Structure formats: structure tokens, C-alpha cells
Amino acid sequence: MTANSTQNSNDALPNILSSAVDTSSERFQANAAAMRALLAAFEAEQAIIRQGGGAKAIEAQHQKKRLTARERLDLLLDPGSEFHELSIYAAHGMYADYGGAPSAGTVTGVGRVAGRLAMIIANDATVKAGAFFPMTAKKVIRAQHIAMENHLPTLYLVDSSGIFLPLQEDVFPDQDDFGRVFRNNAVMSAKGIPQMTAIMGMCVAGGAYLPVMTDHVLMTEGSGLFLAGPALVQAAIGQKVSAEELGGAVMHAEISGTVDFKEPNDHLCIARLRSLVSRLGHRPGAPFDRAPYDAVKDAPKYAAEELRGILNLDLAKAAASGYDMHAVLARIVDGSRFDEYKPNYGQTLLCGYARIGGFAVGIVANQKTHQMQTSETGEKHMEFGGVIYPESADKAARFIMDCNQNLIPLIFLHDVNGFMVGRDAEWSGIIRSGAKMVSAVSNSVVPKISVVIGGSFGAGNYAMCGKAYDPRFIFAWPTAKYAVMSGASAANTLVEVRIKQLERGGHKLSDAEKKELFDSTKATYDEQTDPRYAAARLWVDAIIDPAKTRDVLIMALEAASLNPDVPHFHPGILQT
């Protein structure tokens, strides 16, 4: 057989996904309308967050002849390119006693600068003078961690007054607090990951170490870089000195030699930064396969916008009606081509090979339709969609190990209720099979990227590569729910326990009191399962429009391809 005939044979493989979704149906249209309304509400909320400290604070920044963080980003990023903002909801609903900290007073994300994909970390001086709240430090550290894992050049736009002193005990001392930022600077430098800093405002106290630990330091006139400001210097040693004499751009450019480039203003400073980035060398890429890719020819056979109508926003109704995860895959993978692994076995988990943006990937996804399964004794029984059974866990563990053996990055699509419970499940070794899958995910060495589509509950979150299992990126649809169990299940359990406690004390609740207790408990739990609650605490990197799923996965895979280092895969001991 010739090479051409082999290619033709491959082209004829029956691996193109079909989709039975009726986009004209009442159900689809209702789902899509509800999703559009939810996305509009999210966008309105994010528009307010992007205002940072508000109009007055923005005007104050302009009066200092300085741009805001987002105005600086507009100049830094390549024209027409997309900025994939991360953690915009960081600190959402937190620090109310201090007036809040929109987006934790900093902007982070991945974008193109002079053609290069880069991580950008920019202080927002309109939010408490760019001070570091506890979540600010954690947000910066998460951005650095993503940069380290993917070898992304990292650009810091510094304009910060340092630690937010009223909360210093929660910012300063721990492993994932402020000091970790500078430790990461040193580690990234040792790994050869380019870092550059542009100081365009204040850079004081411990924060002054950040720019000096990067490869290049740029500084605008009128900015300040010092370990202690004039007031603290006078209080500490009685010396009176102006901010400019103590740590201005002229002093650092001409006397201390600390800065490499002194620039007159933000615009020219950012132009210089772009020039420096354009001259960075190109290191060898990762060993993952990427086929020649054409954004038009290799697009999925179905429109990405249709992803907005597949899932019911009410997850209880979505679970009852189910949806075929193949329909989601058909709108994400190149050419809607998917080589499914063991398609007739362990069907509540889909595993298979595809390409996204030309990159070869392995996909592990929860199937939400109920599946008929035949037992070893020949008996047929129904398995619930979104639940991981022993055979599906065994299949996924084997598939994950295969992807590691063959250097194929992994994509996890979550809509999982958890592992099956009950006598039959326990007798069939669900714990053993689940441990096998969790172990395979834990020891995986290829890049892992997670997208939480619907529920991500209990140990199912772990097995599907939740935040604790080191995904390079973790995204969530607005329909995502994070918790040990759903709000209704948790409320039922907690209320039952509370009723028994009260009854032991001699107090019997009426039906109305039981309902009130259930409703209040469920409301609290539902609030905590909201994706914004998760995003505020950095459990997810971004809440995305379902129609953008393919785009963010391509960005994440491009970022992952910059890191050539893939450790040897050691699967460890597996229960058999």
C-alpha cells in the first residue's frame, strides 16, 4: 500500500461525529436563550469589575500622567489579538469591610506581544493604590505557576504600594503568600523563562525585589522604587529625603544602576518593552504532535455557538433529561473527528483521540445520557449519566496511562456527579477502580487541561483532574457547579442531621419549619457552588462562554507546547 493510499484510507475512517441536536427545537431554543441571558449578566458584572476602583480613582491615575492597568494592556498587546484574561473574579464578594478589591487589584492573562504568547501581570493602581490583598498574592502566584509550567515569557507592569497593611498577617508569611512571588521570580529565571518588568508608578517595600529579580527593568520618570518610602526612612533613621532622590528613575538609571531603561512616560516604556520582547530567542518546543492546521478547513462541522443550547441551566433538569457529550465534542474538535476508545465499554465516561487546533489530544469526558451496561453474568442494567462506575474508571485509567506513554496532552470535560455508591458498586470494587483512575491522573506528566461544563462533585472532581491535580489551565462554563455534592443533596443531608439533633433535645419541627431550614441551607450551599464563588478563590482560572471553549483550549495547548520538558512517566502502584 502506498503512502497516498494509506492517507486516503485514514481519511475514510468512520470517526466523524454526528450530532442529533435539534437546534430548532423548543428545548434547545430555551436553553440557548437562558444561556445568552446568563452570559449577558456575567459580562455586565465583569464590565463593572474592569472599572477597578471606579471613575474617581481612574481620574486620579490620569492626573498623575499615568495610564490604568487596562490602558497599558491595550498598548502592550498586538493589535487585533485576543487577551485571555485569567481570574477576573478573584476576590469577588470578599473584603467588604475594606470596600472590596475588584479582581484582587491586579490584571493577569495570556496574550500576544510582538507575536509571542506571554503571561502578563499588571497591578491596578486604581484599587487601593495597587496594594496586595491576600488574594492578590495568590492570583499573582497562580499566574506565575501557569507561566512556569508552560514556559511562558512573563511581563510585569508594576504600580503598587506593596502589602495591604490591615491584612498583613494573611499576606506576608505563608508558603503561598507575598514572599512566594519573589521565590518564583528566582525559579523562573533558573529555568530560563524570560521575565521583564516595567515600573510605571510605585514599587515599594518587599515588592521592590520583584523587578530586580527579572531579566530587564524599565522605569518611567516620576515612578518610585525603594525598600522604604520617605516617611518610613525619616521614622526609622531620621533622614529627610525626597521620593525622587530616594528612589526615582533618574537615581536608579544614573547612580544605583538598578534599572536598564529609563523612559519618560508609559507609552514609550511599553513601546520599549515590546521591542525587547520581539528580540527574545526561540527555544525548542514540546514533543507533542501538531498537524498542519487551517482555521477554516479544520473547523468543527457544527457551529460553536450551538454549545450554548445543549445544556439546561438547571442542572437537576439537565441530569434528568441528559445530553450526549458527543454533541459537545463535535463542536470542539478539529473536523468533528473523534477516535473513541472502547466506545461500548464503561460508557458513562467517553475517552478518545482528537485534534484541537492541530494538536493531538486525548479527551476524557463525562457522558450525561443513561447507558445500558451488560454485567459479567450477562445481566443488563442501567447506568446513570454523569456517574463514574468501576468499568468506566478502569477504562479511563488505562486511557490516561496510554496518553502519557505516547506524549499526548489530556483534556478533561467535567459534568460528574461522583462515583457510584451502594452494595453492588462496593462489591464490584468501585474504590479500587476509582483509586486507579485518581492515581493515573495524579502521576500524569503530559499537560492536563480541564473544562468544568456542569457539575463537578465529590471525588469525581478529583478523578476528572480538578484543581488539586495540577491542570495547566482550568476553565468553567457559567453552568459549572463546584462542591462535595449538589445543593439539594447537601441540604437534605444537613437538614436531616439537624432535625435529629433538635429532636434529641426535645424539639420537634413542623413541616413549615423543616422546609424553611431546607430552603435556607440549600440557598447557602447553592451560593457556594456558583462558579463565581469558585473563581473568586482561584479554583478556576476563567469562566468562559461555551462558544469560546475551542478557542481557549487552542490557546492553552499553544502555551503548553512552549515547555519541552516532559518527565518520565511512572504510574506507581495500581490496585488490580
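Our subject is the structure listed above.
Residues numbered from 1 in each chain as written. Predicted model: local features only at pLDDT ≥ 70, side-chain atom pairs only at ≥ 80, totals over all residues. Heavy atoms only, no water.

> Where do I start with the overall build of the chain in this structure?
Secondary structure summary: the chain contains 21 helices and 20 strands in total. Within the span of the chain, comprising 576 residues, buried residues form 52% of the whole. Approximately 25600 Å² of the chain is accessible, and the part contributed by carbon and sulfur atoms is 54%. Here the chain holds 55 positive side-chain charges and 62 negative ones, and the gap between their average locations is 1 Å. (Helix = DSSP H or I, 4+ residues; strand = E, 2+ residues; numbered from the N terminus. Buried < 20%, exposed > 50% of the residue type's maximum accessible area, 1.4 Å probe, protein only. Areas by Shrake-Rupley, 256 points an atom, 1.4 Å probe, with all protein chains shown as cover. Lys, Arg positive; Asp, Glu negative; His and termini not counted. Charge placed at Lys NZ, Arg CZ, Asp CG, Glu CD.)

> What am I meant to see in the pattern of salt bridges here?
Two side chains of opposite charge can pair, provided their charged atoms sit close to one another. The tally for this structure, following the rule as stated, stands at 22 salt bridges. Here R70 and E85 are joined by a salt bridge, their closest N and O atoms 2.8 Å apart. In this pair, R70 sits in helix 4 (residues 69-76) while E85 sits in strand 1 (residues 84-86), placing the two residues 15 residues apart along the sequence. The burial state of R70 is the same as that of E85; both residues are buried. (Salt bridge = Lys/Arg side-chain N within 4 Å of Asp/Glu carboxyl O.)

> Teacher, can you tell me more about helix 5 (residues 134-150) here?
Residues three or four positions apart in an α-helix share a direction because the helix packs 3.6 residues into each turn. A rise of 1.5 Å per residue sets the reference length of helix 5, with its 17 residues, at 24 Å; its end C-alpha atoms lie 25 Å apart and thus fit the reference within 8%. With respect to burial, helix 5 is a largely interior element, 15 of its 17 residues being buried. Phi turns positive one or two residues past the end of helix 5, at H151, with a value near 55°. (Expected span 1.5 Å × (residues − 1).)

> So what exactly am I meant to see when it comes to the pairing of strand 17 (residues 448-457) here?
On any regular strand, side chains alternate: one points to one face of the sheet, the next to the other face. Most of strand 17 is tucked away: ten of the ten residues are buried. Note: strand 15 (residues 410-416) against strand 17, six bridges, orientation parallel. Residue V416 lies in a different strand from strand 17, and its bridge partner there is S456. Bridge count for strand 17 against strand 18 (residues 473-476) is four bridges, and the pairing is parallel. (Pairing = 2+ DSSP bridges.)

> Sorry if this is basic, but what is going on with empty space enclosed by the protein here?
Any empty space left between atoms is shown by rolling a water-sized probe over those atoms. Inspection of every chain in the model, using the stated rule, returns two cavities of 30 Å³ or more. Taken as a whole, the largest cavity encloses approximately 150 Å³ of empty space. Lining the largest cavity are 18 residues, with N123, F132, V158, S160 and L210 positioned closest to its centre. Secondary-structure elements contributing two or more residues to the lining of the largest cavity are strand 3 (116-123), strand 4 (154-160), helix 6 (179-190) and strand 5 (195-204). By residue number, the principal contributor to the lining of the largest cavity is strand 4, which donates four residues. (1 Å grid on protein atoms, 1.4 Å probe; cavity = no way out; pocket = protein on both sides within 12 Å on 5 of 7 lines; lining within 4 Å. Points joined across faces, edges and corners; volume = space filled by probe spheres on them.)

> Hey, could you run me through the packing of aromatic side chains in this one?
According to the stated counting rule, one finds 13 aromatic pairs in the structure shown. Ring geometry for Y98 against F164: centres 5.3 Å apart, planes inclined by 85°, an arrangement best described as edge-to-face. Remark: F164 occurs in the loop between strand 4 and helix 6 and Y98 occurs in the loop between strand 1 and strand 2 (106-113); sequence separation between them is 66 residues. Through successive ring pairs, a cluster of aromatic residues spans Y95, Y98, F133 and F164. One Lys or Arg, R423, reaches over the ring of W427 and ends 4.9 Å from the middle of that ring. Of note, R537 hangs over the ring of Y533, and the distance from its end group to the ring centre comes to 3.5 Å. (Phe/Tyr/Trp six-rings, centres within 6.5 Å; stacked < 30°, edge-to-face > 60°. Lys NZ or Arg CZ within 6 Å of the ring centre and 35° of its normal.)

> I keep staring at the pairing of strand 15 and nothing clicks. Help me out?
Most of strand 15 is tucked away, with seven of its seven residues classed as buried. Covered by surrounding structure in strand 15 are L410, F412, H414 and V416 together with I411, L413 and D415, the residues of both alternating faces. Where strand 11 (residues 359-366) lies against strand 15, four bridges are found, and the strand directions are parallel. What sits directly across from V364, in strand 15, is F412.

> I keep staring at unusual backbone geometry and nothing clicks. Help me out?
Positioned with a positive phi, L407 is a non-glycine residue whose angle comes to about 55°. Locating L407 in the fold gives a position in the loop between helix 14 (390-405) and strand 15. Its identity as a non-glycine residue notwithstanding, L538 has a phi of 65°, on the positive side. Mapping L538 onto the fold places it in the loop between helix 20 (531-536) and strand 20 (542-543). With a relative accessible area of 4%, L538 lands in the buried category.

> Can you walk me through the side chain of K139 in this structure?
Mapping K139 onto the fold places it in helix 5. No salt bridge is formed by the buried K139; its nearest oppositely charged neighbour, E85, is found at 5.1 Å. Reaching out from K139, the side chain makes a polar contact with the backbone oxygen of S87 at a distance of 3.0 Å. Within the structure, the side chain of K139 is placed 2.7 Å from the backbone oxygen of T106, a separation counted as a polar contact. Residues contacting K139, with those up to four places away along its chain left out, are L86, S87, I88, A90, S103, A104, T106, V107, T108 and L538. (Polar contact = N/O pair within 3.5 Å; in protein donor to acceptor, adjacent residues only side chain to side chain. Contact = heavy atoms within 4.5 Å.)

> What exactly am I supposed to notice about the packing of helix 4 against helix 11 (residues 266-278) here?
Each pair of packed helices can be described by the angle between their axes along with the distance between the axes. Their axes nearest at 9 Å, the elements helix 4 and helix 11 cross at an angle of 45°. Taken together, the axes of helix 4 and helix 11 are oblique relative to one another. At the point where helix 4 passes helix 11, the crossing takes the right-handed sense. Of the residues in helix 11, those in contact with R72, L75 and L76 of helix 4 are D266, H267, I270, L273 and R274. (Axes fitted to C-alpha atoms, helices over the stretch in contact; angles between N-to-C directions. Parallel < 35°, antiparallel > 145°, perpendicular 65-115°, else oblique. Left-handed = near helix turned anticlockwise from the far one by under 90°.)

Worth remembering: the numbers are spatial, not functional.
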